[in-house]
Structure formats: structure tokens, C-alpha cells
Amino acid sequence: MTRIPHETSAEPNPFRALTLDRLRCRTSMKWRTYADDVLPLWVAEMDVPLAEPIVRAVTDALALGDTGYPAGTGYAEALAGFADKRWGWGGLAVERTAIVPDVMLGVVEMLKLVTGPGDPVVVNSPVYPPFHQFVEHMDRQVVEAPLGVDLRIDLDTLDATFRRAVAGGRRAAFLLCSPHNPTGTVHTAAELSAVAALADRHGVRVVADEIHAPLTADGVDFVPYLSVPGGGSGLSLMSASKAWNLAGLKAALAVAGPAAAADLARLPEEVSHGPSHLGVIAHTAALRDGTGWLDALLAGLDDNRRLLADLLAEHLPAITYRPGEATYLAWLDCRALGLDEDPADVFLHRGRVALNSGIPFGTGGAGHVRLNLATSPELITEGVRRMAAALD
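Residues numbered from 1 in each chain as written. Predicted model: local features only at pLDDT ≥ 70, side-chain atom pairs only at ≥ 80, totals over all residues. Heavy atoms only, no water.

Participant: Give a description of the sheet that holds strand S13 (residues 368-372) that names residues and reports values.
Facilitator: In space, the four strands of this open sheet follow the order S9-S10-S13-S12, with antiparallel pairing throughout. The open sheet has two edge strands, strand S9 (320-321) and strand S12 (356-357), and neither has a second partner. One ladder, built from five bridges, connects strand S10 (residues 329-333) with S13; its direction is antiparallel. Paired with Trp331 across the strands is Arg370, a residue of S13. Packing of helix H13 (residues 343-351) onto the sheet brings it into contact with S12 and S13, and relative to S13 it is tilted by some 55°. (Pairing = 2+ DSSP bridges. Helix = DSSP H or I, 4+ residues; strand = E, 2+ residues; numbered from the N terminus. Contact = heavy atoms within 4.5 Å. Axes fitted to C-alpha atoms, helices over the stretch in contact; angles between N-to-C directions.)

Here is the structure:
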């Protein structure tokens, strides 16, 4: 089936809809962690209004008093339809899905199905810090297989890491970030097929966090891990959370490949008690009726990536930036600035702009910052101005 990753949208650019004064009325983490004189370009929240179909669906539910427990397969059906249209993947079987509270709690539950206490979990550093935090909290051992200098999966490194992970007959899992956070790398079908072959060779189980899947740049195709040859023994976590800014409306789906159906069937029933019914309603509406809004968002993100590249080239040419193929996050190499391991600290205290420090992302993170592009062009411009001023 033909993929339709982007369509031309008649909807306006959502990044131009809200003023800074309006954004500062928000009470979420992004806008309440720092003092009012700090420009927050850090945590993964978007500075956009919600898509109208989501607002309507949640408002209708509230008016009806429909605030009980989630039921049914509407969310999974909506995701299957979205996957078929946007990624050309008709293999998302509703009967091989389970609702989970959110992606990271779903990751924990999937890892519990395929590993035991003390077992190794391989990650491609630098990577989303909760990969380290959640895995270690559940009494598993994080083992890094760093990305290559091109910020892509280094298959030789992964092969050697898998071999070490299963030494002595241990069970091991690979927690795949796809698309990758923070680099924005979108793994190709060939790369994912090679990962699946390595996992099969070494007996490593793959759990894929695919939360950023809808957020690809123009001309870039996302490839679901479960769709590639050998990927059928994998488990995936998907959600509308990142693409439609629904972090506060908790709901996600665990998806099993055909060879992992029996594993997913062992998921404890009580895990399904965690998602919010309103969250399920919101995510379902996003996937079914919010694609026009998403396409306007994707066009805005493409513009913002180009804008950031131009601004850095003009004002901070020592920073290395490779525009990501997906996500709304920019991974900036600041090592040439001579700001030691944590340039985010300098930008915060001297420039009053909040970015994510690269250090918690693991090996390869020191000297880097992560910048959130999901805001207005004006705030991106102001953010770079403040970063440059911090060096004066």
C-alpha cells in the first residue's frame, strides 16, 4: 500500500497560534519548572493548541459524564488505520494489542515479560534518559551500545554488545528507540532488518519505543520494527502522545508481532487499569480525525528545523546541528564552545534559556544539549539569541 507520511493541510500552522503570555498561563512542567524570566525550550511539550477533534471528543465525554474506566478496542483500531495509511503497514492486528498507562510504563511491562531481575537491557546511547531510569528501577542492568559518529545504529557495536549481554546463558533485551530520541534518527528498513537478524542470532528480545513515529520530516518514511523481516518476535509501544501533545492524557498501546503474541497474552490484567478513559478517547480522536492538524504541525516543524539551522549558522557557528529526520527535538553538539561537559547549565544561568543537558542521555551526551523545536519561530529565534548572549 502507498504510504502517505505527509499531506498538504488546509489548517494553520499551530506553532503560530499562541502568544508567550498565553503560554505562561499553562501550569504544566515546561512552564512551571523555571522562573518567569527563563525561556523554556526543554521538556517534550509542544507550544500548540490541541487539535479541534480532540477537544471536541473530550468535551463531549465530560458533558456526558463519561469519565469511567476504559473499554473496547477503538484505540487499537484507530492506530491500525493510521498505520495502514501513513506507513503502509497493514500488519497491526488489534487482537495483538493491549492498552497500557503510557509508553514508558508499557516498556517496563514488556521488559518484565521477556527478562528477569538482573538481566541486561541494551540501549543505543545517547538516548532518552528514562530508558536508564526506568530500567534500573525495575532491577535490570542497562548496557550501552553507543550510536556511531553518524548518529545511527552501529551494527558491529550492537553485535558485540548482544554477544556480551547473553554470555553465560543470560536473557537479554534490546530497548530500541525508533525514531531515536534525542538525535531524531529514523532507522531504515535495512537497518531494522539487520537489528532483527542480530537479535535472532543472539537470542535477544526487542522492545521498541515508537512514540515519535508520526513525527517524521518531509520525505522521510517511518518503518515499524514489527514490519521488517525477523521483527515478528518483537514488542512495540505506540501512542498519540507526542505527535498530538497529549502527555497529560495518559494512554498507550503495546503491540506484539505474530511470534510475540503469547508473551503479550501473559500481561497481567491489572496493567489495563492504569490508562485514563479520557486519555483513550483523546488518543483515538487524534489518530482517527486529527491527521489534518498533524500535517500542519509537520510542515511547521520542517520550517522550524530550517530556521534553527540558519540561526545557528549565523549566530553560533561552532555548534554542530544535524536536523533530525523525526521528532521535534534538536540535538546540538556544543563541545567546540569550550563550556565543559554541561553547556545547558551555562545557557540557563547566563542566557536564561532552559535546554536539556546531554549528560543524562548517557555515553555521547556530554557537551551536548537538546532543544525543543515545537514552539513558535519567534521563540526559537529568541532562544538562539539568548544562547549567543550567554557566550559574551
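Participant: Account for the pairing of S13, naming residues and giving values.
Facilitator: The element S13 is largely enclosed, with a buried count of five among its five residues. The sheet contact formed by S12 and S13 spans two bridges and is antiparallel. Across the sheet, the residue bridging to Ser357 is Val369, located in S13. (Buried < 20%, exposed > 50% of the residue type's maximum accessible area, 1.4 Å probe, protein only.)

Participant: Let's hear about the packing of aromatic side chains: which residues, and what values?
Facilitator: If you walk through the whole model with that rule in mind, you get seven aromatic pairs. Taking the centre distance of 5.8 Å and the plane angle of 70° together, the rings of Phe82 and Trp244 count as edge-to-face. Of this pair, Phe82 sits in helix H4 (residues 74-87) while Trp244 is found in helix H9 (residues 241-244), placing the two residues 162 residues apart along the sequence. (Phe/Tyr/Trp six-rings, centres within 6.5 Å; stacked < 30°, edge-to-face > 60°.)

Participant: Give a description of the sheet that holds strand S7 (residues 235-238) that names residues and reports values.
Facilitator: What the seven strands build is an open sheet, ordered S2-S8-S7-S6-S5-S3-S4; its pairing is mixed. On the outer flanks of this sheet lie strand S2 (97-100) and strand S4 (141-144), each paired with one strand and no other. Each strand of the sheet is rotated relative to its neighbour by a mean of 25°, with strand direction disregarded. Here strand S5 (residues 173-177) pairs with strand S6 (residues 205-209) via five bridges, running parallel. When the bridges of S6 are listed, Cys177 appears paired with Asp209. Of the strands in this sheet, strand S3 (120-123), S4, S5 and S6 touch helix H6 (residues 130-137), which is tilted by about 145° from S4.

Participant: Before we move on, can you summarise the environment of Val369 with the specific residues and values?
Facilitator: Structurally, Val369 can be placed in strand S13. The spacing of Val369 and Ser357 is 12 residues in sequence and 4.9 Å in space, taken between C-alpha atoms.

Participant: Which residues make up the UniProt feature "domain: Aminotransferase class I/classII large" (unreviewed entry) in the chain, and what values go with them?
Facilitator: Under the UniProt annotation, the feature "domain: Aminotransferase class I/classII large" (unreviewed entry) is placed at residues 101-386. End C-alpha to end C-alpha, residues 101-386 measures 38 Å, and it is 39% helix and 15% strand. (UniProt positions renumbered as here; feature names shortened; annotations may be inferred.)

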